[in-house]
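Take a look at the letters that make up each chain.
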Amino acid sequence: METLPYTVICNELPEKSIVRFSGQLIINHIEKITDEVKNQLSFDKDLHIEINNPDSIDVTFIQLLLTLKTTLKGNGKQTVISSELNDDLKVLLNNSGFQYVLN
């Protein structure tokens, strides 16, 4: 079994969906990450996104988060994002103006 440089874990509960991301959340892997999300998540429930100490994040992952939020909002559902980031990633998001995405 191949060890991937990222992790996507999706759980469907009766009242909401939960997706957990970690690892390298960057352009090199975003297509596969997006495919996993599309194939595993139900878009007819509220969504809780957890970002757990990723190694790296780039704008493509931020775009995925924004797309998920927009899609769920269009379906009348809510999205909550919680994250644990190291200080370097917090500074990167603040400097790039994307800190609002994780709030």
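Just so it is clear, the structure is predicted and the values come from calculations on it, not from any experiment. (Residues numbered from 1 in each chain as written. Predicted model: local features only at pLDDT ≥ 70, side-chain atom pairs only at ≥ 80, totals over all residues. Heavy atoms only, no water.)

Student: With reference to specific residues and values, describe helix α1 (residues 30–40).
Tutor: Turning to α1, its buried residues are I30, I33, T34 and V37. The arc that holds the buried residues of α1, viewed along the axis, is 100°, so those residues lie on one side. In this structure, α1 carries E31, K32 and N39 as exposed residues pointing more than 90 degrees from its buried face. The inward-facing, buried residues of α1 contact β1 (6–12), β2 (16–25) and α2 (59–74). (Buried < 20%, exposed > 50% of the residue type's maximum accessible area, 1.4 Å probe, protein only. Helix = DSSP H or I, 4+ residues; strand = E, 2+ residues; numbered from the N terminus. Arc of directions from axis to C-beta. Contact = heavy atoms within 4.5 Å.)

Student: Any chance you could break down the packing of aromatic side chains for me, citing the residues and the numbers?
Tutor: Applying the stated criterion across every chain yields a total of one aromatic pair. Measuring from ring centre to ring centre gives 5.0 Å for F21 and F61, while their planes differ by 80°; the resulting arrangement is edge-to-face. Of this pair, F21 sits in strand β2 while F61 sits in helix α2, and the two are 40 residues apart along the sequence. The exposure class of F21 is buried, given its relative accessible area of 1%. For F61, a relative accessible area of 0% translates into the label buried. (Phe/Tyr/Trp six-rings, centres within 6.5 Å; stacked < 30°, edge-to-face > 60°.)

Student: An account of helix α3 (residues 87–96) is needed here, citing residue identities and associated values.
Tutor: The opening residue of α3 is N86, an N-cap whose side-chain oxygen sits 3.1 Å from the backbone nitrogen of D88. Once α3 finishes, G97 follows within two positions and takes phi at roughly 85°, a positive value. (Polar contact = N/O pair within 3.5 Å; in protein donor to acceptor, adjacent residues only side chain to side chain.)

Student: Tell me what's going on with the side chain of H48, and back it up with residues and numbers.
Tutor: Take H48: it is sitting in strand β3 (residues 46–52). For H48, a relative accessible area of 18% translates into the label buried. Apart from residues lying up to four places away in sequence, H48 is in contact with K16, S17, I18, V19, V80 and S82.

Student: Got a sec to walk through the environment of N11? Specific residues and values, please.
Tutor: Structurally, the position occupied by N11 is in strand β1. Between the alpha carbons of N11 and S22 there is a distance of 15 Å; along the sequence they are 11 residues apart. In terms of polar contacts, N11 uses its side chain to reach the side chain of R20, at 2.6 Å.

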